[in-house]
Structure formats: structure tokens, C-alpha cells
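Descriptive structure summary
Chain by chain, the residues:
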Amino acid sequence: EEMAMDNSEEMEEMEDMAMGGAPEDLDTSTSRMTDDGLFRVSVTSNLDPLALNEIHSWTVHVETPDGEVVEKAQIAVDGGMPEHNHGFPTTPEITEELGGGDYLLDGVKFSMAGWWELKLAIDDGDQTDEITFNLVLP
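Report follows, based on the coordinates. None of the values given here were measured: they were computed from a predicted structure. (Residues numbered from 1 in each chain as written. Predicted model: local features only at pLDDT ≥ 70, side-chain atom pairs only at ≥ 80, totals over all residues. Heavy atoms only, no water.)

1. What to know about the sheet that holds strand S3 (residues 56-63)
- Here we have five strands laid out as an open sheet, ordered S1-S2-S3-S7-S6, and antiparallel in their pairing. If you trace the sheet from one side to the other, it starts and ends with strand S1 (31-33) and strand S6 (93-99), each paired once. Sheet twist, expressed as the average angle between the axes of neighbouring strands with direction ignored, equals 25°.
- In terms of strand pairing, S6 meets strand S7 (residues 102-108) through five bridges, oriented antiparallel. In the sheet register, Glu93 faces S7, and the bridge partner there is Asp106. (Pairing = 2+ DSSP bridges. Helix = DSSP H or I, 4+ residues; strand = E, 2+ residues; numbered from the N terminus. Axes fitted to C-alpha atoms, helices over the stretch in contact; angles between N-to-C directions.)

2. Overview of the pattern of salt bridges
- Tallied over the entire structure, the rule returns two salt bridges.
- Here Arg32 ties to Asp27 by a salt bridge, and the two come within 3.7 Å at their closest N and O atoms.
- Since its relative accessible area comes to 36%, Asp27 is described here as partly exposed.
- A salt bridge links Lys119 to Glu117, with the shortest nitrogen-to-oxygen separation between them at 3.6 Å.
- With a relative accessible area of 15%, Glu117 lands in the buried category. (Salt bridge = Lys/Arg side-chain N within 4 Å of Asp/Glu carboxyl O. Buried < 20%, exposed > 50% of the residue type's maximum accessible area, 1.4 Å probe, protein only.)

3. Some remarks on the packing of aromatic side chains
- The tally for this structure, following the rule as stated, stands at three aromatic pairs.
- Ring centres of Phe88 and Phe110 lie 6.0 Å apart, and the angle between their planes is 55°; on these two criteria the pair is classed as tilted. Here Phe110 lies in the loop between S7 and strand S8 (114-123) and Phe88 lies in the loop between strand S5 (86-87) and S6, a separation of 22 residues in the sequence. Across this residue pair, the class does not change: Phe88 and Phe110 are buried.
- Ring centres of Phe88 and Trp116 lie 5.4 Å apart, and the angle between their planes is 20°; on these two criteria the pair is classed as stacked. Of this pair, Phe88 sits in the loop between S5 and S6 while Trp116 sits in strand S8, placing them 28 residues apart in sequence. When sorted by exposure, Phe88 lands in the same class as Trp116, which is buried. (Phe/Tyr/Trp six-rings, centres within 6.5 Å; stacked < 30°, edge-to-face > 60°.)

4. Details of the environment of Leu120
- On the secondary structure map, Leu120 appears in strand S8.
- Sequence separation between Leu120 and Ile131 is eleven residues, and the spatial gap between their C-alpha atoms is 5.5 Å.
- Apart from the residues within four sequence positions on either side, Leu120 is in contact with Val41, Val43, Val60, Ile75, Ala76, Val77, Asp129, Glu130, Ile131 and Phe133. (Contact = heavy atoms within 4.5 Å.)

Any functional reading would require information beyond the geometric quantities listed.
In C-alpha cells form, the structure reads like this:
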């Protein structure tokens, strides 16, 4: 009986994944430390609420772990839908340094509902670190 219970939960999880459902324990926070703890990064969409098929911008804020703003960083942008094995339908990129550790990310578009990843690689001239933000669009 216990085995059947585990099996049905497993089946449910597989169905969720097949339907484009993100993992239940997915971290969808929009502000946290990079993978190696070198930077604290936050992202804020300029489109609220997020909508499908609209090209929009985000503000990316980068600071050191102790709160110093990071200026003149090079930020590479990647991402897409991990369950569908495709990237963004556009080519999002940092187009402007806004000052105070803020950077303008232009050209973001979500073409379908589901789990998206926004991956940033940040290079401040001395060190490089990466972060992946998880976004789930209804």
C-alpha cells in the first residue's frame, strides 16, 4: 500500500513536469546571493504584472555581500525554459548602466506560460560569479 502511494505521487510529479509545472521547491526569490557568494543581486521587472508576449525591461541591482554597490560590471544574460529546452524568443541584454549598482536589462519577452530561468554572469573586473533566477508565469 505504501509503495502504491509513493508511485502515485511520483506519477503526479511526472505529469506536473510534463505539463510544464516547475519543481515544488523552486526558489523564486528575486533577490539573493550569487552561486559563489561574491555578489548580492536583485531583479525587478518594469512590467507589473508580468505578461506574455510583451517585450519589456528589468532593473538588475548588483552589490557586494556587505552592501557596496558594484559599478562598471559586465553582465552576460542567458536563460529560457529548462523543461522545453529553448531560450528566450528575444535576445535580452544589459543596455545601460543606470548608476548606484543598477543596470537596465532590455528585450525580455516570455512567449508562453510556465517556468523560465533568467541567468546572469557578472564580472566586476576582478571576479566573476553567476546566478539563476526562476520565474513562473501563469
